[in-house]
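Fold and geometry: a report
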Amino acid sequence: MKVLLTGTAGAAGWPEPGCPCASCASQVPESQGGLAAARPPGRRPFGMVVDDVVAFPFDDLPDGYRVHGDGSGLTAPDGTRLLYAPSDRDLPAAGPAYDVVLIDPLERPERLGSLRATGQVHGRTHVVAVGLDHRVRSEEELARRLRMWGAHAVPDGTVLDTDRPPPPPDGQPRRALLLGGSRSGKSAEAELRLAAEPYVTYVATGPGGEGDPEWAARVGAHRARRPAHWATAETTGLAEAIGTATTPLLIDGLGTWLAAVFDEHGAWRGDRTPVDERCDELVRAWRNAPGRVVAVSDEAGMGVVPATASGRMFRDALGRLNERLAAESEYVALVVGGRPLRL
C-alpha cells in the first residue's frame, strides 16, 4: 500500500487564514508578515490518495478494496490495512494490527495508547500525525510531542510506503524529573510525556482530599485529566513501587511524598534520620529503575525563606532530594508557564 498525503492539516489548514494567534503567525514566512523566516507556507487541509486509485472519503472503491468500521478503515487487495482516526471519530475497540494509522493526536494522545494496548498499533505500524493546526503552538512543539508519543509528522505531498519499515522511534529517557512551582503545568507535562503509552501506573503520593473540599477538587481535576486506561496506585512506598514496576510510572509528586514521610516518622520536631533513610532508599530505587519513570517535584527554593524552622527543614530536604534525583536522571526540566525548560 502506498498512501499519498496531499495535506496533513485540519479542515482550515495551518496557518488558518485570517487567524491572529501566535501558532498561526509562527507558520507564516517572514516575507508574508509572519515569524518563520525559512519555513514553507504551512500545511494544507487533510487529503489522501491510496495506491493512486482510492481517494478519501472512501466512496467509490475499485475491486479488492474494502472499507471497515465507520468508513475510516481501508483494507487493500494485498491485505494491508489503514486507519484514519480524526479526533471526532471513535476508535475501533479491537481488531487486527494496522499497517498505517493516520491519527489526530493533539487533543487526546491517549487514543494512540489505546490502539497500542489492543495491539492495533505495533512496531511496524506507520503512525503519522494529521489534522494538525493551531492547537499546538509551533512545528517545534509538535515534533517534541510526537517524539514522546512514538509518532511522526510528514510534509504535505509525502508518500508512505508500507513495504518500507516506519522510522525507528526516538529513545525516551528511562528517568525523567520535572520540577516547577505551584500551577506551573508540571503535572500536565508529565502526563503528556506518557500519554501514548499502552499501560501506565499513576502513583499518587498525596491524600485523597477527605474532609478538605478544596484539595479534593484538585485531586478530582487530576483524575479527570488522566486517560481512562491508566492504573492508579496510592502509596508512599515509592522505592518498592519503582523496583517492582511492570509498566511506566508517573509519580506525582515528590513534595507531597516527602511531607507524608515527615508525618509518618514524626520528624517535624524530632529525629530526621528516618526521613533521610527513606530518601536514600528512594534514590537507590530511582538509580536502578527497571523501566520508564517520570516524577513531578516542587521547586521549593525559589520563593521567600520559610518563616518556621519546620518549613526551612522541609525546603532543604526537598531541595537535596531533587538535586540527588536530578543527578541520576537522563532528563530534567523546569516547567514554567506550561513550558518545559530542559536543564
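Here goes a summary of the coordinates provided. (Residues numbered from 1 in each chain as written. Predicted model: local features only at pLDDT ≥ 70, side-chain atom pairs only at ≥ 80, totals over all residues. Heavy atoms only, no water.)

Here we come to the pairing of strand β11 (residues 201–204). On β11, burial covers both faces: Thr 201 and Val 203 on one face and Tyr 202 and Ala 204 on the other are all buried. In terms of strand pairing, β11 meets strand β12 (residues 231–234) through four bridges, oriented parallel. By the bridge assignment, Val 203 is partnered in β12 with Ala 233. Where β11 lies against strand β13 (residues 249–252), four bridges are found, and the strand directions are parallel. (Buried < 20%, exposed > 50% of the residue type's maximum accessible area, 1.4 Å probe, protein only. Helix = DSSP H or I, 4+ residues; strand = E, 2+ residues; numbered from the N terminus. Pairing = 2+ DSSP bridges.)

For the rest of this paragraph, the subject is the sheet that holds strand β6 (residues 81–85). Neighbouring strands of a sheet are bound in pairs by backbone hydrogen bonds; such pairs are parallel or else antiparallel. Ordered by their spatial adjacency, five strands build an open sheet running β4-β5-β6-β7-β8, and the pairing between neighbours is mixed. At either margin of the open sheet sits one strand with a lone partner, and together these are β4 (66–68) and β8 (126–129). When the angles between neighbouring strand axes are averaged without regard to direction, this sheet yields 15 degrees. (Axes fitted to C-alpha atoms, helices over the stretch in contact; angles between N-to-C directions.)

To continue, consider helix α9 (residues 309–327). The end-to-end C-alpha separation of α9 is 27 Å, in line with the 27 Å expected for 19 residues at 1.5 Å each. For α9, the full list of buried residues reads Met 313, Phe 314, Ala 317, Leu 318, Leu 321, Asn 322 and Leu 325. Angularly, the buried residues of α9 cover 165 degrees about the axis, an arc narrow enough to put them on a single face. Residues of α9 that are exposed and point more than 90 degrees away from the buried face comprise Ala 309, Glu 323 and Ala 327. (Expected span 1.5 Å × (residues − 1). Arc of directions from axis to C-beta.)

A rise of 1.5 Å per residue sets the reference length of helix α8 (residues 273–287), with its 15 residues, at 21 Å; its end C-alpha atoms lie 21 Å apart and thus fit the reference within 8%. Those residues of α8 that fall on the buried side of the exposure criterion are Val 275, Arg 278, Cys 279, Leu 282, Val 283, Ala 285 and Trp 286. Along the long axis of α8, the arc covered by the buried residues comes to 160 degrees, so they all point the same way.

On the basis of which strands lie adjacent, the open sheet formed by four strands has the order β3-β2-β1-β9 and antiparallel pairing. Looking at strand neighbours, the two that pair on one side only are β3 (54–55) and β9 (159–161), the edges of this open sheet. Bridge analysis of strand β1 (residues 2–7) against β9 gives three bridges, and the strand direction is antiparallel. Bridge pairing in β9 links Val 3 to Leu 160.

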